[in-house]
Amino acid sequence: MSQSVIPLKKPKMNPRRKQGYIMFLMIVPFLALVFMFAYLPLHGWMYALYDYRPPFKLFDCEFVGLRWFTELFSNASKRALLLEVLLNTFAMSGLSIAFSWLPMAFAILLMEIGNRVFKRVTQTLTTLPHFISWVLVYSMAFFIFNSNGLINTLSIDKLGLYETPKLFLQVSGKGVWLMMWLWGRWKELGWSAIMYIAAIASIDQELYEAAYVDGAGRFRTIWHITIPGLLPTYFVLLLLNIANFLNNGVEQFYVFQNAFNKANIQVLDLYVYNLGLGSGSYSLATAISIMKSVVSITLLFTVNTMSKLLRGGDSII
């Protein structure tokens, strides 16, 4: 007697697991871009092991091993210049970290504005500079603060405040650090506050209502509700800034550098740029970049360990 075979039903995939696969496939293109632009170029680190001289091919140049790394510390002139560059880098980054609370304070003040139109206009005007290139920023600075610029023209010809032009863009000495920090804050303050504005919006509004019922005023609610609600976001961003302590960028310092401020404006990234593309010392510039990357990774894992110890297991990686 023949028996009918009942086909087995294929088990259905867990909907949650299926959703996970779909989400992973959505981020695959971004992972590919990160690999192409962040990890694939690391093969260029080989230039630090050769005495590269263009237009020759890399493997046709002399292999020197770790010579460029040791020369940074054995050569007195290079060591002195590197220490000067590191001092500028530490000063610029130190100012940024010391005043890293400014975007949070600005976000709090912005959210406390009652007039919605004024609030939106203020937020828009303070965010727009982020999208302006540093070349245009310097063009505006040159138009306003040049020896024949707007400020000097008005002060000398119209107001008669002084007779000789003031060289605002030729500031030398440690004043360069403050000037660069002020330009950076003007450009990035509104953009940096967006993260805190989003964090404020996520705070439970019932906390504010309960505080008002208990008789708390605006400053009390800010101190006891808003600021504690923003501290986790602030500490994460602070730790990331500490991990990027040596990364100041190139564009801002490159466009503002001149013969008067070069000794105080040359940070590590600009030094590498001038050394590589300016002087043609590609191998030495690559060696410095490698050391900077190693120090940055070390700082990242150090602050991550500190975060685990100080914040009860919370970490950034």
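First, a word on what this report is: a plain description of the structure on this page.

### Points about the overall build of the protein chain
Within the protein chain, the secondary structure is distributed over 14 helices and 2 strands. Relative to its length of 317 residues, the protein chain is extended, with a C-alpha radius of gyration of 27 Å against a globular reference of 20 Å. Here the C-alpha coordinates of the protein chain stretch approximately 110 × 75 × 35 Å along the principal axes. For the protein chain, buried positions account for 31% of its 317 residues. Residue pairs in contact within the protein chain that sit at least 24 positions apart in sequence constitute 60% of those at least 6 positions apart. For the protein chain, the accessible area works out to roughly 20,800 Å², and carbon and sulfur atoms hold 68% of it. For the protein chain, the centre of its 25 positive side-chain charges and the centre of its 16 negative side-chain charges are spaced 9 Å apart.

### Quick word on the environment of Thr153
Considering the arrangement of structural elements, one finds Thr153 in helix α7 (residues 150-158). Judged by relative accessible area, which is 31%, Thr153 ranks as partly exposed. For the pair Thr153 and Pro165, spaced 12 residues apart in sequence, the C-alpha separation works out to 8.3 Å. Non-local contacts of Thr153, meaning those with residues more than four positions away in its chain, are made with Asn148 and Lys158. Of note is the side chain of Thr153, whose polar atom sits 3.4 Å from the backbone oxygen of Asn148. In this structure the side chain of Thr153 is engaged in a polar contact, spanning 2.7 Å, whose partner is the backbone oxygen of Gly149.

### Brief notes about the packing of aromatic side chains
Applying the stated rule across the entire model yields 17 aromatic pairs. Pairing Tyr47 with Tyr52 gives two aromatic rings, centres 4.9 Å apart and planes at 85 degrees, and the pair type is edge-to-face. In this structure Tyr47 comes out as partly exposed when scored by relative accessible area, which is 27%. On the basis of relative accessible area, Tyr52 is assigned to the buried category, the value being 14%.

### As for the pattern of salt bridges
Evaluated as defined, the whole model comprises 6 salt bridges. Measuring nitrogen to oxygen at the nearest pair gives 3.9 Å for the salt bridge that ties Arg67 to Glu71. Remark: Glu71 and Arg67 occur in helix α2 (residues 67-74); sequence separation between them is 4 residues, near one turn of the helix. Note on Arg67: relative accessible area 33%, which makes it partly exposed. On the basis of relative accessibility, which here comes to 18%, the residue Glu71 falls in the buried class. Here Glu188 makes a salt bridge to Lys187, at a shortest N to O gap of 3.7 Å. Lys187 gets classed as buried once you look at its relative accessible area, which sits at 4%. Taken together, the shared-partner salt bridges connect Arg67, Glu71 and Lys78 into one network.

### Regarding helix α3 (residues 76-98)
Relative to the 33 Å expected for 23 residues at 1.5 Å per residue, α3 spans 32 Å between its end C-alpha atoms, a close match to the ideal helical length. Of the residues making up α3, those classed as buried are Leu82, Val85, Asn88, Thr89, Ala91, Met92 and Ser93. In the core, the buried residues of α3 are packed alongside α2, α8 (175-201), α11 (251-256), α12 (262-265) and α13 (268-278).

### Re unusual backbone geometry
The omega torsion across Pro54 and Pro55 is 10 degrees, close enough to zero to call that bond cis. By secondary structure assignment, the location of Pro55 is in the loop between β1 (50-51) and β2 (62-63).

### Side note on the packing of helix α4 (residues 102-111) against helix α5 (residues 116-127)
Direction vectors running N to C along α4 and α5 enclose 155 degrees, while the axes themselves pass 10 Å from each other. What the angle tells us is that α4 and α5 run roughly antiparallel. Contact residues: Phe106, Leu110 and Met111 in α4; Lys119, Thr122, Gln123 and Thr126 in α5. For the contact of α4 with α5, the residue count by class is 3 nonpolar, 3 polar and 1 charged.

### Some points on the side chain of Gln252
As for its position among the elements, Gln252 is in helix α11. At a separation of 2.7 Å, a polar atom in the side chain of Gln252 contacts the main-chain carbonyl oxygen of Met180. Ignoring anything within four residues of it in the chain, the contact list for Gln252 reads Trp134, Met180, Trp183 and Gly184.

Reading the values: rules and limits
Residues numbered from 1 in each chain as written. Predicted model: local features only at pLDDT ≥ 70, side-chain atom pairs only at ≥ 80, totals over all residues. Heavy atoms only, no water. Helix = DSSP H or I, 4+ residues; strand = E, 2+ residues; numbered from the N terminus. Rg over C-alpha atoms; globule rule 2.2 N^0.38 Å. Buried < 20%, exposed > 50% of the residue type's maximum accessible area, 1.4 Å probe, protein only. Contact = heavy atoms within 4.5 Å. Areas by Shrake-Rupley, 256 points an atom, 1.4 Å probe, with all protein chains shown as cover. Lys, Arg positive; Asp, Glu negative; His and termini not counted. Charge placed at Lys NZ, Arg CZ, Asp CG, Glu CD. Polar contact = N/O pair within 3.5 Å; in protein donor to acceptor, adjacent residues only side chain to side chain. Phe/Tyr/Trp six-rings, centres within 6.5 Å; stacked < 30°, edge-to-face > 60°. Salt bridge = Lys/Arg side-chain N within 4 Å of Asp/Glu carboxyl O. Expected span 1.5 Å × (residues − 1). Axes fitted to C-alpha atoms, helices over the stretch in contact; angles between N-to-C directions. Parallel < 35°, antiparallel > 145°, perpendicular 65-115°, else oblique. Nonpolar A, V, L, I, M, F, W, Y, C, P; charged D, E, K, R; others polar.

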